[in-house]
Amino acid sequence: MKGLNKKLFCFPYAGGSASFYREWKFDNNEIEVIPLEYPGHGSKYCEPLCDRMSALTDILMEEMQTKYQINSLKNISFFGHSMGAIVAYEIAAKLEERYGNKVEQLFISSKSSPDYKVDQIDCSNSNNLKQSLKKIGGTNKELLETEDFMNIFLPIIQSDLNILANYHGENRRQKLNNKAVLLLGSEDSVTKESIESWNQYIEHINELHILKGDHFYLKQNQDIVLKIIQDYLLSSHCENSDLSTVVSS
């Protein structure tokens, strides 16, 4: 298995940055983790924020093409958490439509399919946003009480949520002919039914993995998540005709 040189492109959640995946590493360097940064986020803070999913995915695709020749690159997979799942799905679709190149696996984490409207988070001001983020979890509570952080973070999360609110599946005409794996927290605000509805958008969904935790279950289950990914990318998994569910304690 050594030297397969598989690449896993990772896409952050709304308001998040590429640093969310900085601790992700696989044994023996068989899988390279490549976190993508959205414009106006993290290390790209000085760049203008995007206002549409189509613009965001085009910018990321151009970067991926310049750095990695994504149009012809083999052995690639995408992992997207929350908003990042939609970004990953759209880029996978554009990659196939424009270049005829397909990703090996799509990992969809904590995100309903485009059939489901996004639950609106009140981010009209920092106080309302603070309460919403505390409820969802995943954000350091001390940071939420820091005025400078909230002043910086507010326009970023507002922009991302507007992208999701205005997203309508980009008029997808047919199912994406890819393999996918679904992941969800047991106490997630995203429902099992809503994430399973990705089978209307992606042809081959292998399994739904439910792990203990909330919307940011990845933090306490990092080793399990990496093991799931590694098993799919380095082992032979049969495609299931019916979506099965795996619950981890």
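Refer to the preceding data block for the structure.
Computed from a predicted structure; not experimentally measured.

What counts as what
Residues numbered from 1 in each chain as written. Predicted model: local features only at pLDDT ≥ 70, side-chain atom pairs only at ≥ 80, totals over all residues. Heavy atoms only, no water. Helix = DSSP H or I, 4+ residues; strand = E, 2+ residues; numbered from the N terminus. Buried < 20%, exposed > 50% of the residue type's maximum accessible area, 1.4 Å probe, protein only. Axes fitted to C-alpha atoms, helices over the stretch in contact; angles between N-to-C directions. Parallel < 35°, antiparallel > 145°, perpendicular 65-115°, else oblique. Left-handed = near helix turned anticlockwise from the far one by under 90°. Contact = heavy atoms within 4.5 Å. Salt bridge = Lys/Arg side-chain N within 4 Å of Asp/Glu carboxyl O. Phe/Tyr/Trp six-rings, centres within 6.5 Å; stacked < 30°, edge-to-face > 60°. 1 Å grid on protein atoms, 1.4 Å probe; cavity = no way out; pocket = protein on both sides within 12 Å on 5 of 7 lines; lining within 4 Å. Points joined across faces, edges and corners; volume = space filled by probe spheres on them. Nonpolar A, V, L, I, M, F, W, Y, C, P; charged D, E, K, R; others polar.

Before going further, it helps to examine unusual backbone geometry. With a phi close to 55°, Asn75 is a non-glycine residue in the positive phi region. Position of Asn75 relative to the elements: it lies in the loop between α1 (53–68) and β3 (76–81). Residues other than glycine seldom take positive phi values, yet Ser110 does so here, at roughly 50°. Relative to the helices and strands, Ser110 is located in the loop between β4 (106–109) and α3 (126–136). Since its relative accessible area comes to 1%, Ser110 is described here as buried.

To continue, consider the packing of α1 against helix α2 (residues 83–99). Between two packed helices, both the angle of their axes relative to each other and the distance between the axes serve to describe the pair. Their axes nearest at 10 Å, the elements α1 and α2 cross at an angle of 65°. Our classification of the angle between α1 and α2 gives roughly perpendicular. Where α1 crosses over α2, the two elements pack in a sense that is right-handed. On the side of α1, the interface is formed by Met53, Ser54, Leu56, Thr57, Asp58, Leu60, Met61 and Met64, while α2 contributes Met83, Ile86, Val87, Glu90, Ile91, Lys94, Leu95, Arg98 and Tyr99.

Quick look at the pattern of salt bridges now. Tallied over the entire structure, the rule returns eight salt bridges. Here Lys44 and Glu63 are joined by a salt bridge, their closest N and O atoms 2.4 Å apart. Of the two residues, Lys44 is situated in the loop between β2 (31–35) and α1 and Glu63 in helix α1; the sequence distance between them amounts to 19 residues. Note on Lys44: relative accessible area 13%, which makes it buried. Linking Lys67 and Glu63 is a salt bridge whose minimum nitrogen-to-oxygen distance equals 3.5 Å. Placement of the pair is Lys67 and Glu63 together in helix α1, with a separation of four residues, close to one helical turn.

Remark: the centre distance and the inter-plane angle together describe each pair of aromatic rings, the angle taken between the planes. What the rule picks out here adds up to 15 aromatic pairs. Seen from their ring centres, Tyr89 and Trp198 are 5.1 Å apart, and the 65° between their planes marks the pair as edge-to-face. Highlighted residues: Tyr89 in helix α2 and Trp198 in the loop between α6 (192–196) and β6 (202–211), separated in sequence by 109 residues. Between Trp198 and Tyr201, the ring centres sit 6.0 Å apart and the planes meet at 70°, which makes this aromatic pair edge-to-face.

Rolled over the atoms, a probe with the dimensions of a water molecule shows which regions are left empty. With the rule as written, the count across this model stands at one cavity of 30 Å³ or more. Lining the largest cavity we find Tyr38, Pro39, His41, Leu49, Cys50, Leu56, Ser159, Asp160 and Ile163. Per-element accounting of the lining of the largest cavity gives the leading share, three residues, to helix α5 (residues 147–165). A breakdown of the residues in the lining of the largest cavity according to their chemical character gives six nonpolar, two polar and one charged.

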